[in-house]
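For reference, the chains in residue letters:
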Amino acid sequence: MISEKKRRFLDAPLLVIFVLLFSFLESVASEDFIFSEAFVGLEGGNVYPVGSVQEAVEQSFYGQTEFRYRYFDATYGLVQFGYAYFKTHSDFKLYPGVHQFHGRMGLDHSFPVIHPILLGFGFSCVWTRADTKVDKLDNSPGSSLEDNESEFGVFLNLNLPVFKNENYVVGVNAYMEQIWTLPARSHMFWMGVYLQRRLW
């Protein structure tokens, strides 16, 4: 099992790579491309806890909205906001479930060798709250969720457009997300179907 110090050491290069990629794409973006196309969309699917998280909560459904825009020649920016409700396992007695709202910002790129698939990355922010009402908080495992909790993280995504015409895009999105929780990182796998409508 990887220690927490080693996890932090491995996470640092990933964060540096993300920052450098964002900086590079910012330097090459031009007014000829940025915001030359824009879409709004809805997406729904399943989210699967991975690793230690699946010991606490069950898989769930999610829904989210998305704003997507052309950032560079074959690169798109995305902004997402969504919600999922995770039921806890029956042996977890503190509360029956957890509300989670999430936001993401990222970029994805179409590589000619795997066209029409797009690969992307970005940053996540999640806000969670236990589905319970309490008068007094305690220090037992999971009790911090009774008073809200927010965390940041990163994600990688694969976008496969299945149908596309002048105004609409239908496709499949898959995400592998790492949230920087303590004492260990949390991981989620998301997969859903989306419908997007062109704005311009």
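Residues numbered from 1 in each chain as written. Predicted model: local features only at pLDDT ≥ 70, side-chain atom pairs only at ≥ 80, totals over all residues. Heavy atoms only, no water.

(A) Local environment of a nonpolar patch on the surface. Together, Phe111, Val113, Leu119, Leu158, Leu160, Val162, Phe163, Tyr168 and Leu195 make up a nonpolar patch on the protein surface, roughly 830 Å² of accessible area in all. Sorting elements by how many residues they give to the nonpolar patch places strand β6 (residues 149–164) first, with 4 residues. By the secondary structure assignment, Val113 is in the loop between β4 (97–110) and β5 (118–130). Residue Val113 is classed as exposed on the basis of its relative accessible area of 77%. (Patch = residues over 30% accessible without salt bridge, like charges linked within 9 Å, V, L, I, M, F, W, Y side chains within 5 Å. Areas by Shrake-Rupley, 256 points an atom, 1.4 Å probe, with all protein chains shown as cover. Salt bridge = Lys/Arg side-chain N within 4 Å of Asp/Glu carboxyl O. Helix = DSSP H or I, 4+ residues; strand = E, 2+ residues; numbered from the N terminus. Buried < 20%, exposed > 50% of the residue type's maximum accessible area, 1.4 Å probe, protein only.)

(B) The arrangement of the packing of aromatic side chains in detail. All told, the structure shown has 8 aromatic pairs when counted by the stated rule. Here Phe67 and Tyr69 contribute two aromatic rings whose centre-to-centre distance is 5.8 Å and whose plane-to-plane angle is 25 degrees, an arrangement assigned as stacked. Under the relative-accessibility criterion, Phe67 is labelled partly exposed at 27%. One cation-aromatic arrangement involves Arg104 over Phe155; the distance from NZ or CZ to the ring centre is 5.6 Å. A cation over an aromatic ring shows up here: Arg104 above the ring of Trp190, its NZ or CZ 4.7 Å from the ring centre. (Phe/Tyr/Trp six-rings, centres within 6.5 Å; stacked < 30°, edge-to-face > 60°. Lys NZ or Arg CZ within 6 Å of the ring centre and 35° of its normal.)

(C) Layout of the side chain of Arg185. Mapped onto the elements of the fold, Arg185 is located in the loop between β7 (168–179) and β8 (186–198). Among the polar contacts listed, one links the side chain of Arg185 to the backbone oxygen of Thr181, at a separation of 3.4 Å. (Polar contact = N/O pair within 3.5 Å; in protein donor to acceptor, adjacent residues only side chain to side chain.)

(D) Spotlight on the pattern of salt bridges. Within this structure, the stated rule accounts for 4 salt bridges. Its salt-bridge partner being Arg70, residue Glu37 comes within 2.6 Å of it at the nearest N-O pair. With Glu37 in the loop between α1 (4–28) and β1 (38–50) and Arg70 in strand β2 (residues 60–72), this residue pair connects regions lying 33 residues apart in the sequence. The residues Glu37 and Arg70 share a single accessibility class, namely buried. The salt bridge involving Arg68 is made with Asp108; its shortest N-O contact spans 2.9 Å. Of this pair, Arg68 sits in strand β2 while Asp108 sits in strand β4, and the two are 40 residues apart along the sequence. When salt bridges that share partners are traced, they join Glu37, Arg70 and Arg198 into one network.

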